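As a plain string of letters, each chain reads:
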Amino acid sequence: MNTGRRDFLKFSALAGGGLLLQGAFPVLAAQPAGSDVGYFVRILPSNVLEFSLTHHEMGQGVATSMAMIFAQELGADMAQFRVLPIPDTASTRYVLSGTGGSNCIKDNYLHLRRGAALARQALLQAAAARWKCKPEECITAHGFVAGPKKQRLSFGALAAEAAALGSPANRDEFRKLQPALGERVAGDVVGKGQANVYADAIVRGRQNYGIDFSVPGMLFASLERSPQLRGRVARFDASAALKVPGVCAVVKIAAHEEAANNLPAPATFFSSKEAVAVVATSTWAAMEGRKALVVEWEKPAGASHSNESWEAFAAQALDRDLSVVQETGSAPAERPNMLAAEYTYPFQAHACMEPMNCVAHHQGKRAEVWVGTQGAIGWRNQLARIFGLPESEVVVSPQFSGGAFGRRFYMDTAIEALRVSQAAGNVPVKIVWTREDDLRHDHYHPYTRSRLRAALTPEGALASWQHDEARSYFGNPRGEHPWFAYDTAHMRYAFANLQGASPLQGGAWRSVVANHWAFSQECFVDELAHAARKDPVQFRLDIMRSGEEKPAGERYKVSQKRMRQVLEKAAALSGWDKPPAPEAGVRRGRGIAAYPYMHGNSYCALVADVEVRGSQFTITRVVAVVDCGLVINPDGARQQVEGGIMWGLSAALHGGIRLADGAVVNTNFHDTPFARYSETPRKIEVHFIEDAGAAPCGLGEIAPPLIAPALCNALFAATGQRVRELPVKLAAA
C-alpha cells in the first residue's frame, strides 16, 4: 500500500445503508502521475458484495482470483460476490493500468488483502459496538459477523455502521484502525477450486465482448491496409466501392509510427499502417465495398524480404552487429570440448479468437473509444497526445475480449477507428478486422536467431557459455537478458538489434522473450548433456550445485533452488528413471526442459513423451511441475498451465509467419492452424509446488515456452534428430 498517504483506503456510505470501500494502489514507475490504480468494493444491505475489476479479463481468470483473495481475507463466500466490469477512464481514477506479464495477482495480492482486512476490522468494530463487546471477541465467516454469545449479523446489516467509521466526524478513529492480515493465507476460499465468475454468462451466450458493442447512429468501416509495414497509397479508385449498397464514403487515413525502446525510427512500437477505409451502414456492406476498392501501393525501399532473405540477413547480423551486453569470468584458454549450435524462433501471430475491433467517436474536441484493451490508461494518454486533445477529453471504455495474449496492448485499432471517425465527419464508427487482416497486420512475436557456444570440462562440467542473439523486437536488452540458472566459470551474452530493419512490426506475444530463450537454451543444454554422456536431468542438476541466485539483467535474479525443485519433482513424477518400453515399429523418447518466467517470478519444468512412426509423431504424455507460489484457484491455475501448453504446442507445430516481397503470406486458419485434437497430448498432468507462507506469483505465461524444447528433446531421444528451428519437422526414418 502507499503508506505515504494516510487516506489510501476510504470508507463512505451508500444510499440505502451500504458500505463503499475505495482503495488506491501505488502508482507504478511506468504510469503517468495521477493514474493511481485501485479497486472499489460495495457491501450492499442485501449482503451482496460488488467487486469492481481493475484489470482486464481476457479469459485468464483474473476476475475470479482477485475476488477470491478479497473474500478469503474478509471472511466472505464467493456466492456473495458480483464481479463488475472495469469502469471507463472518465468515471474514476481508480481504473485499469495494464494487464500483462503475469503480474495481476502477484502485484495486487497484498493490496487486496489489506483492503479486505480493513473492511473486516470495520465490520467487527461495528458489531462489537452493537453487542457491547470487544472487536477481538468477534469473527467474520461466510459473510456474517459472529459474536461471543453466538450473536450473528450479516455484513449487509452492519454495512452502514461500518461505513460511518469513515465519515469526517470519525476520521481520526478510522485512521487508528490497524487491521492485521489473517494468519491463514488459504482456507475456505483461497486454495479451493472455483468456477470462473463469468462461466455461466459465457456458456449461455450472455457475455458481451468488444465485438458486440454498439452506439446509436454508428457506422461501420473495413480497411484496406498497406501490405508492407511502411507502404503508402499511390492512388486509389473508389468508384466501384461507392456503388455498393450501404457504402457511405471511402476515406484515406494516415499511418502512425514512432520510435520505441529509445531507438531511432523506423523502430516501431505503437503504430498503424496507412489505409483506405470503406465506411458503410453495416459490416457486410463495408466489407463488400472494400472488395470493390482498387488501391495501388508505393512499396517502401528495402521492403522486399522473403523468409529466406530475412533469415540470411539475421545470420549476417550475428557476425556483424553484435554488442556484448554482459560478460562474467573469462573464457578458458583451452576448449577441448567446444560445442556450437544455432536456433531460430520465427515471427508468430496472435490469432485471438475474437478478431481486432474498436468503436470510436471523434467529436472534434473530445474522443471516446470502446475497445478490449490491456492498457486503458496508457491508451487514453497516448491517444490524447496523438490527436492533440486534453487527456480529460479522451475516454477509453474497456470491454471484455475473447483472448489477447499481448495483442491488445497495441492501439492501432483505436488510432484507425478515431481517424476514420474524424475523416467521415466526426460520426461514431466501428471497425472489425477480418481474420486475414488479423494475420497480415499483427504486432508479431519477434523473430529471433540465437547462436550458442559452450565449453565442457573433461569431467563434463560447464566451463563456458556464450549466447549471441539477433532479435527483431524488444531491442534494448540492457535491463534484461536470458534467465540463465546454470553454473559456469565464463558467461557472455551479446545482442544484435534487428528491430529497425524488420519487415514486420513486433509486439508482446504470450510469454514474450521467454519463448525463444527457453527454446534455444534448453535444447542446447540437452545437446551438452549428450556430449558429456550424462543423463539430461542429472546434467542440469550437476551444473546447478552452487545454490546461487543468478543475475539476469538489472531487474531479476534466477533462483537455483526453485529451478532444482521443479526439475527434480518433474523427473520423479514422470518416471524419468524408467524409460518407455520399446515396441516394434515405434520409436519412443522422453525429453525435459526447465525455465523460469521472471516477469511473474515463477518456475516450471516440463517432461514430454513421444512416439514416432516414420516422420510422424504423437505426444503421449506431458508432465508439468510449476512453482508459482501460493495457488489461489487450483482449477483456474491448472487451466492456465494446460492452455499454455497447447498455446506453445500450436506455435511449435504450425506457427510461423511466411513472407514474400516484404508482405505476410498467411491468410487464415487453413494455413496458420492451431494444434488439432489428434495432435493434443493424450495426457497432460499438472502439479504445483507450494510453500504455505508464499505469496502468489505469475502463472499465465509460465508453460508456453517449455513445450517446444521438451518436445524437441524427446524427438531427439526417439530419433537422434536435432530440431533447431520451428515449426517442428522430422525427416523420414
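Residues numbered from 1 in each chain as written. Predicted model: local features only at pLDDT ≥ 70, side-chain atom pairs only at ≥ 80, totals over all residues. Heavy atoms only, no water.

Colleague: Mind showing me how you'd approach the sheet that holds strand S20 (residues 448–456) here?
Modeller: One key point about sheets: their strands pair by backbone hydrogen bonds, in either a parallel or an antiparallel sense. What the 5 strands build is an open sheet, ordered S14-S22-S21-S20-S15; its pairing is mixed. Across the chains shown, the open sheet's two edge strands, defined by having one partner strand only, are strand S14 (323–328) and strand S15 (337–345). Between one strand and the next, the sheet's axes are offset by a mean angle of 10 degrees, whatever the strand orientation. Taken together, the 7 bridges between strand S21 (residues 462–471) and strand S22 (residues 491–497) define a ladder with parallel strand orientation. What sits directly across from Ala-470, in S22, is Ala-496. Against the sheet, helix H8 (residues 307–320) engages S15, S20, S21 and S22, with an angle of about 45 degrees to S20. (Pairing = 2+ DSSP bridges. Helix = DSSP H or I, 4+ residues; strand = E, 2+ residues; numbered from the N terminus. Axes fitted to C-alpha atoms, helices over the stretch in contact; angles between N-to-C directions. Contact = heavy atoms within 4.5 Å.)

Colleague: Quick question: what am I supposed to make of the environment of Glu-274 here?
Modeller: Topologically, Glu-274 is positioned in the loop between strand S11 (247–253) and strand S12 (275–280). Separated by 116 residues in the primary sequence, Glu-274 and Pro-390 have C-alpha atoms spaced 25 Å apart. What Glu-274 contacts, discounting residues up to four positions off in sequence, is Glu-224, Arg-225, Ser-226, Gly-231, Arg-232, Val-233, Lys-252, Ile-253, Ala-254, Ala-255 and Trp-297. A polar atom in the side chain of Glu-274 sits 2.7 Å from the backbone nitrogen of Val-233. (Polar contact = N/O pair within 3.5 Å; in protein donor to acceptor, adjacent residues only side chain to side chain.)

Colleague: Just to check I follow, could you spell out the pattern of salt bridges for this structure?
Modeller: Note that side chains of opposite charge can pair when their charged atoms are close. Scanning all chains against the criterion turns up 48 salt bridges. Linking Lys-534 and Asp-542 is a salt bridge whose minimum nitrogen-to-oxygen distance equals 3.2 Å. Linked through salt bridges whose partners overlap, the residues forming this network are Glu-224, Arg-225, Arg-290, Glu-416 and Asp-437. (Salt bridge = Lys/Arg side-chain N within 4 Å of Asp/Glu carboxyl O.)

Colleague: What exactly am I supposed to notice about the packing of aromatic side chains here?
Modeller: The geometry of an aromatic ring pair is captured by the separation of the ring centres together with the interplanar angle, meaning the angle of the planes. Tallying each qualifying case throughout the model produces 21 aromatic pairs. Taking 5.9 Å as the distance between ring centres and 70 degrees as the angle between the ring planes, the aromatic pair formed by Trp-310 and Tyr-447 counts as edge-to-face. Of this pair, Trp-310 sits in helix H8 while Tyr-447 is found in the loop between helix H11 (435–440) and S20, placing the two residues 137 residues apart along the sequence. Here Trp-310 falls in the buried class, since its relative accessible area comes to 1%. Exposure remark for Tyr-447: the relative accessible area of 3% places this residue in the buried category. With a centroid separation of 5.4 Å and 80 degrees between ring planes, the pair formed by Trp-483 and Trp-517 is classed as edge-to-face. With Trp-483 in the loop between S21 and S22 and Trp-517 in helix H12 (residues 514–531), this pair connects stretches of sequence that are 34 residues apart. Pair check on accessibility: Trp-483 and Trp-517 agree, each one buried. Taken together, the aromatic side chains of Trp-483, Trp-517, Tyr-556, Tyr-595 and Tyr-597 make up a single cluster linked through ring pairs. Geometry around Phe-144 places Arg-152 over its ring, the cationic atom sitting 3.7 Å from the centre. (Phe/Tyr/Trp six-rings, centres within 6.5 Å; stacked < 30°, edge-to-face > 60°. Buried < 20%, exposed > 50% of the residue type's maximum accessible area, 1.4 Å probe, protein only. Lys NZ or Arg CZ within 6 Å of the ring centre and 35° of its normal.)

Honestly, that's just the spatial picture; any functional story needs more than this.
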